[in-house]
Amino acid sequence: MRGILYTKELSPYELPLLYEWDVCHGMGETCDYFEVTCPFEKSMLHKLADAKLFRGVNNEDTVFYGVVDEYTIVCDEEGSRVTVRGRSMSALLFDNEAEAASYVSVSLDTIIACHVTPYGIGKIEKRSMPLLYRFNVASGESEWSVLSRFCRYSCGVQPRFSREGALLLKDKQGPVRTINSGSRVFSLKRHDCRYGVISSVLVKNRVTGARYTVHNEAFEARGGVSRRVLTVPKTTGADAMRYTGEYQIRESKRGKNIIEIGVTTQFAGFAGDVAELNLPDAGLSGRYRIVKSRCWADGNDGGTYLTLEV
């Protein structure tokens, strides 16, 4: 992998040959991150100090684009080296707080104009989303939280950033990655947990008397029974009530039915891609969504860990 630093003016500087890296992509709940290490020379100091953005390239494909958070220089008996760390472009929204606001009605374009583009995010892939009514922004809430709540309330989409640095405000599926007996799999784990999964959520508005029940039909079909009851503020609309229940169910399922695979191939897949498994010896076949990818390399080993959602 190659690493390129960019200043605020987008002037590029390619780092010396990287000999260690750790690159992680997820589905937007937390910041993706990178960490790279290369030899250090004193002529690099001003380049490191001015670095704002980082791009990782593997076989001419961009595998990470994000902000530089820090660098560490080490000089010892093993020589001089520098490690650069950072996060995806979502860091620009996580790190900035929103002003309190109360929207009678608000569109996606307004949310983007007020809470996204002021922080230098210009590459956006979006879909049409319904207006939201009585949408409130709390003082001190992160701009990422504002954007995320709007998208989830409006149409159930979780924002995330692509490996090229584009903000994805739609369910975009990546390419299909085939994993079979010839894929040099070195680790495999299947995890199926029922504990904590919610079967249904009753959402109540104590003031208006409105009630809305959301069901986890797949879990109920397996005999699961685990209901939750939530009471929401009187200003909560029907769409927000439905989303509140759907969100609780979706979060209860997160990480409960997953497959973790380690392969020796570098950058074998990315979050949002589809993994097509054909591993008959492990009893695994079919297509699964990649929800997390972590690629690493050091002086001794390297590979990619993929987390698949069943």
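Residues numbered from 1 in each chain as written. Predicted model: local features only at pLDDT ≥ 70, side-chain atom pairs only at ≥ 80, totals over all residues. Heavy atoms only, no water.

Colleague: Tell me about the overall build of the protein chain, residues and numbers included.
Modeller: A count of helices and strands for the protein chain gives six helices and 21 strands. Projected onto the principal axes, the alpha-carbon positions of the protein chain cover approximately 70 × 55 × 35 Å. Of all 310 residues assigned to the protein chain, the portion counted as buried reaches 46%. In the protein chain, of all internal contacts separated by at least 6 residues, the share reaching a separation of at least 24 is 64%. In the form shown here, the protein chain has an accessible surface area of approximately 16000 Å², with 48% of it arising from carbon and sulfur atoms. (Helix = DSSP H or I, 4+ residues; strand = E, 2+ residues; numbered from the N terminus. Buried < 20%, exposed > 50% of the residue type's maximum accessible area, 1.4 Å probe, protein only. Contact = heavy atoms within 4.5 Å. Areas by Shrake-Rupley, 256 points an atom, 1.4 Å probe, with all protein chains shown as cover.)

Colleague: Would you mind going over the environment of R194 in detail, with residue names and values included?
Modeller: Assignment of secondary structure puts R194 in the loop between β14 (185–192) and β15 (200–205). With a relative accessible area of 36%, R194 lands in the partly exposed category. With 25 residues separating them along the chain, R194 and F219 place their C-alpha atoms 8.6 Å apart. Setting aside anything within four residues of it in sequence, one finds R194 in contact with F219, R222, G223 and G224.

Colleague: Can you lay out the nonpolar core for me, pointing to particular residues and giving the numbers?
Modeller: General note: in soluble globular proteins, nonpolar side chains tend to be found buried as a group. Core analysis: the biggest nonpolar cluster contains 31 residues, and F135, L147, F150 and L169 have the highest contact counts within it. The element best represented in this core is helix α4 (residues 143–155), accounting for five residues. Setting aside its immediate chain neighbours within four residues, L147 contacts L93, I111, V116, P159, L167 and L169. Membership of the second largest hydrophobic core comes to 23 residues, among which are V82, V84, F270 and A297. (Core = buried A, V, L, I, M, F, W, Y, C linked by side-chain atoms within 4.5 Å.)

Colleague: How would you summarise the sheet that holds strand β16 (residues 211–215) if you had to cite specific residues and measurements?
Modeller: With respect to topology, three strands assemble into an open sheet ordered β16-β15-β17, the strand pairing being mixed. Either end of the sheet is taken by a strand with one partner, and the two such strands are β16 and β17 (227–232). The sheet shows a mean angle of 20° between the axes of neighbouring strands, direction not considered. Where β15 lies against β17, six bridges are found, and the strand directions are parallel. Residue pairing for β17: K204 is matched across the bridge by T231. (Pairing = 2+ DSSP bridges. Axes fitted to C-alpha atoms, helices over the stretch in contact; angles between N-to-C directions.)

Colleague: Lay out the sheet that holds strand β11 (residues 160–161) in plain terms, naming residues and giving numbers.
Modeller: Reading across from one edge, β9-β12-β11 is the order of the three strands in this open sheet, with mixed pairing throughout. Because the sheet does not close on itself, it has two edges, and the strands there are β9 (124–126) and β11. In this structure, β11 lies alongside strand β12 (residues 167–169), joined through two bridges in antiparallel fashion. Residue pairing across strands places F161 opposite L167, the latter belonging to β12. Sitting on the sheet, helix α3 (residues 108–115) touches β9 and β12, and the angle it makes with β9 is about 160°.

Colleague: Before we move on, could you go through empty space enclosed by the protein and cite the residues and values that matter?
Modeller: Under the definition given, this model contains one cavity of 30 Å³ or more. By volume, the largest cavity amounts to about 40 Å³. Contributing to the lining of the largest cavity are G28, T30, C31, D32, S88, S90, W144, R160 and F161. A class-by-class count of the residues in the lining of the largest cavity yields three nonpolar, four polar and two charged. (1 Å grid on protein atoms, 1.4 Å probe; cavity = no way out; pocket = protein on both sides within 12 Å on 5 of 7 lines; lining within 4 Å. Points joined across faces, edges and corners; volume = space filled by probe spheres on them. Nonpolar A, V, L, I, M, F, W, Y, C, P; charged D, E, K, R; others polar.)

Colleague: Any details on unusual backbone geometry? Residues and values, ideally.
Modeller: Phi at L10 is positive, roughly 65°, even though this residue is not glycine. Residue position: L10 is located in the loop between β1 (2–6) and β2 (12–14). Judged by relative accessible area, which is 48%, L10 ranks as partly exposed. Within the chain, R184 stands out as a residue other than glycine whose phi angle is a positive 55°.

Colleague: If you had to explain the pattern of salt bridges to someone new, which residues and values would you point to?
Modeller: Scanning the model with the defined rule gives 18 salt bridges in all. A salt bridge links D69 to R87; the nearest nitrogen and oxygen atoms lie 2.7 Å apart. With D69 in strand β6 (residues 61–76) and R87 in strand β7 (residues 79–88), this residue pair connects regions lying 18 residues apart in the sequence. Taking the shortest distance from any N to any O, the salt bridge between E125 and K172 comes out at 3.1 Å. A residue pair is termed long-range when its members are at least 10 positions apart, and E125 in strand β9 and K172 in the loop between β12 and β13 (176–180) qualify at 47 residues. The structure contains a network of salt bridges with shared partners spanning R2, E14 and E60. (Salt bridge = Lys/Arg side-chain N within 4 Å of Asp/Glu carboxyl O.)

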